[in-house]
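If you want the building blocks of each chain, they are given just below.
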Amino acid sequence: MHLEPGDTAWVLAATAMVLLMTPGLAFFYGGMVRSKSVLNMLMMSFFTIGIVSVLWTIFGYGLAFGDSGSGLIGALDWSHLGSLVNSLPNNGGEYPIPELSFSAFQLMFAVITPALISGAIADRTKLFAWGVFVAIWVTIVYFPVAHWVFDFGTKHADGSITGAGWLAARGVLDFAGGTAVHINAGAAGLALAIVLGKRVGFGRTPMKPHNLPLVLIGAGLLWFGWFGFNAGSSLGANATAALALMNTQVATAAALLGWLLVERIRDGHATSLGAASGAIAGLVAITPACAYVAPWAAVVIGLLAGAICSMAVALKYKLGFDDSLDVVGVHLVGGIVGCLSVGFFGSTAVNSLGANGLFYGGGSSLLGKQALGVVAVAGYSFIITLILGYAIKYTIGFRIKESDEVEGIDISEHSEHGYEFGQIGAGGSFATRLAAAAKGGE
Amino acid sequence: MKLVTAIIKPFRLDDVRDALTAIGVPGITVSEASGYGRQRGHTEVYRGAEYTIDLVPKVRIEILVDDADEESVIDAIVKAAHTNAIGDGKVWSVPVSQVVRVRTGERGSDAL
């Protein structure tokens, strides 16, 4: 087994960076909710890390990257990752890195995708129901969709490829997960926002972000981790990784400016929440495109994403659904902008494994494939999530009690407060057997 | 004895304190308050959603004074807190029937 130390080191480091995105997302979301639900918002992400990582070991990697021959889903592999210890990943060709590092890297994508959905149903979701949802959703939505998009099949010695996902086989270009991660999460977020309904007081009570510095810390961690997400997806320390990294930076920067520009013109002020949101919109949009377009095109894609997403977030008030933290406006819309942009700006001059888009003499063929990817993933995710959401709602229940929601979900679901600022009476006293233990120790 | 209470704009606090020190007021109590009068609140915008914030931050000053000092203390506060803009605040005083210094047990004017 021949390993390239440089490639291996980069993929291992990128894996850790992508893991950090989920806590980053937790802070990004956590700062945006009211102070009475900050812990629950953080917990929805951390809980997801726990559930998905365990499922990945049991059957997730097999369902996403195994070969059932259908192109629709992988296959169950009951070795529980044990067989990967001494093998190389073969994903449309062999990579000189341990297959376990490939599997760990892909696990982090499986972790963050359901976590992204949590922003759509902030402040009101039963933790247990969320756990059940995440476990089933990754199994019947994420793992299959990741197989469609990310599994390029096994390349054999004679050059033939078998077992590729059906979208990957058709030439849909999604480098790091514009469809499988962002459109998938965005469409699911829309479905769940509809299933759970609006928060108590939505559109009447101000639901302002309680901690904008936390939002910006989260955005910063996401931005940093995203270099692992995008540039790590090259699975090697090479020119493609450098292109992806540079495009990630400039598209994000341009999107930040694009969002602020719209705010300045429309609302009169450039806001810190707008800067953070614009950066995330840019990161989302460049994700599918980062290894297929030139940096100047990345700037254009970023500007478009920032401006379009900043206008898209107002849709929920017009259409009357409470996508609390704008998963739809940022991830679904940003993902669509990014996926379609490859159909315009894709260029084989920057990546021979890519394809030429409309602006590079490739005609509309690539754009058509990209649109297919968008519609297939958004449609499948929305419909299955809607069915799963209603199934959970009418069996174990999806929402907490209205009175608990008003008092704050942190207390009712976790029995904790996010912040303890007051100096008087905040300490309380032991209410349990610990009190007796403390007395006995005197 | 009188209790003089003032609600002022937070950024005027330093000037008011200097003015009170200048006329020999030995101590004051300050707390953060929020509210609105004729000025009403301000607007904040989050991701394009505009909120009207009715309650704006204010500072509340409380001073116990001798009857004789009442007018000079009120005048000093009003002069120092004045910006001639809407939302400058209010000052009022009420009679106080008893004051006790906790440490010594002194009562009445001796406790001021």
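For the structure itself, look to the data block above.
Residues numbered from 1 in each chain as written. Chains lettered and ligands numbered in written order. Predicted model: local features only at pLDDT ≥ 70, side-chain atom pairs only at ≥ 80, totals over all residues. Heavy atoms only, no water.

Draft legend 1. View of the interface of chain A and chain B. Taken together, the contacts link 19 residues of chain A with eight residues of chain B. Around 1,100 Å² of area is buried between chain A and chain B when both sides are counted, 59% of it from carbon and sulfur atoms. Applying the counting rule to chain A against chain B returns two salt bridges. Put simply, A:Asp326 and B:Arg47 hold a salt bridge, and the shortest N to O gap is 3.0 Å. The interface formed by chain A and chain B contains five residue pairs in polar contact (both at pLDDT 80 or more). Those elements that provide at least two residues to the side of chain A that touches chain B are α1 (5-32), α8 (239-266) and α9 (272-289) of chain A. With three residues, α8(A) is the single largest residue contributor to the side of chain A that touches chain B. Across the side of chain A that touches chain B, the residue classes break down as 12 nonpolar, two polar and five charged. (Contact = heavy atoms within 4.5 Å. Buried area = accessible area lost by both parts, 1.4 Å probe. Salt bridge = Lys/Arg side-chain N within 4 Å of Asp/Glu carboxyl O. Polar contact = N/O pair within 3.5 Å; in protein donor to acceptor, adjacent residues only side chain to side chain. Helix = DSSP H or I, 4+ residues; strand = E, 2+ residues; numbered from the N terminus. Nonpolar A, V, L, I, M, F, W, Y, C, P; charged D, E, K, R; others polar.)

Draft legend 2. Region of interest: empty space enclosed by the protein. Residues and elements named next belong to chain A. Inspection of the entire model under this criterion finds two cavities of 30 Å³ or more. Approximately 50 Å³ is the volume attributed to the largest cavity. Lining of the largest cavity is provided by Ala312, Val313, Leu315, Lys316, Phe321, Asp323, Asp326, Val328 and Gly329. Elements that contribute at least two residues to the lining of the largest cavity include exactly α11 (315-319) and α12 (327-345). Counted by class, the lining of the largest cavity contains five nonpolar, one polar and three charged residues. Here the second largest cavity is characterised by a volume of approximately 30 Å³. Around the second largest cavity, the lining residues are Trp56, Thr57, Ile58, Phe59, Tyr61, Gly62, Asp77, His80 and Leu81. (1 Å grid on protein atoms, 1.4 Å probe; cavity = no way out; pocket = protein on both sides within 12 Å on 5 of 7 lines; lining within 4 Å. Points joined across faces, edges and corners; volume = space filled by probe spheres on them.)

Draft legend 3. Summary view of the pattern of salt bridges. Residue and element names in this part refer to chain A. A full pass over the atoms with the stated rule returns 14 salt bridges over all chains. The partner of Glu405 in a salt bridge is Arg399, and the shortest N-O contact between them spans 2.7 Å. A relative accessible area of 25% means that Arg399 is categorised as partly exposed. (Buried < 20%, exposed > 50% of the residue type's maximum accessible area, 1.4 Å probe, protein only.)

Draft legend 4. Spatial organisation of the side chain of A:Ser118. Among the structural elements, A:Ser118 can be located in the loop between α3 (99-117) and α4 (127-150). Ignoring any residue separated from it by four or fewer positions in sequence, one finds A:Ser118 in contact with A:Tyr29, A:Met41, A:Met44, A:Ser45 and A:Trp130.

Draft legend 5. Up close: the sheet that holds strand β1 (residues 2-8) of chain B. Residues and elements named next belong to chain B. Spatially, the four strands line up as an open sheet ordered β2-β5-β1-β6, and their pairing is antiparallel. With partners counted over all chains shown, the strands left at the sheet margins are β2 (29-35) and β6 (89-95), one partner each. Each strand of the sheet is rotated relative to its neighbour by a mean of 20 degrees, with strand direction disregarded. Where β2 meets strand β5 (residues 56-65), seven bridges bridge the pair, whose relative direction is antiparallel. Among the inter-strand pairings, Ser34 is bridged to a residue of β5, identified as Pro57. With respect to the sheet, helix α1 (residues 13-22) is in contact with β1, β2 and β5, its orientation differing from that of β5 by roughly 10 degrees. (Pairing = 2+ DSSP bridges. Axes fitted to C-alpha atoms, helices over the stretch in contact; angles between N-to-C directions.)

Fair warning: the whole summary comes from geometry, so function is off the table for now.
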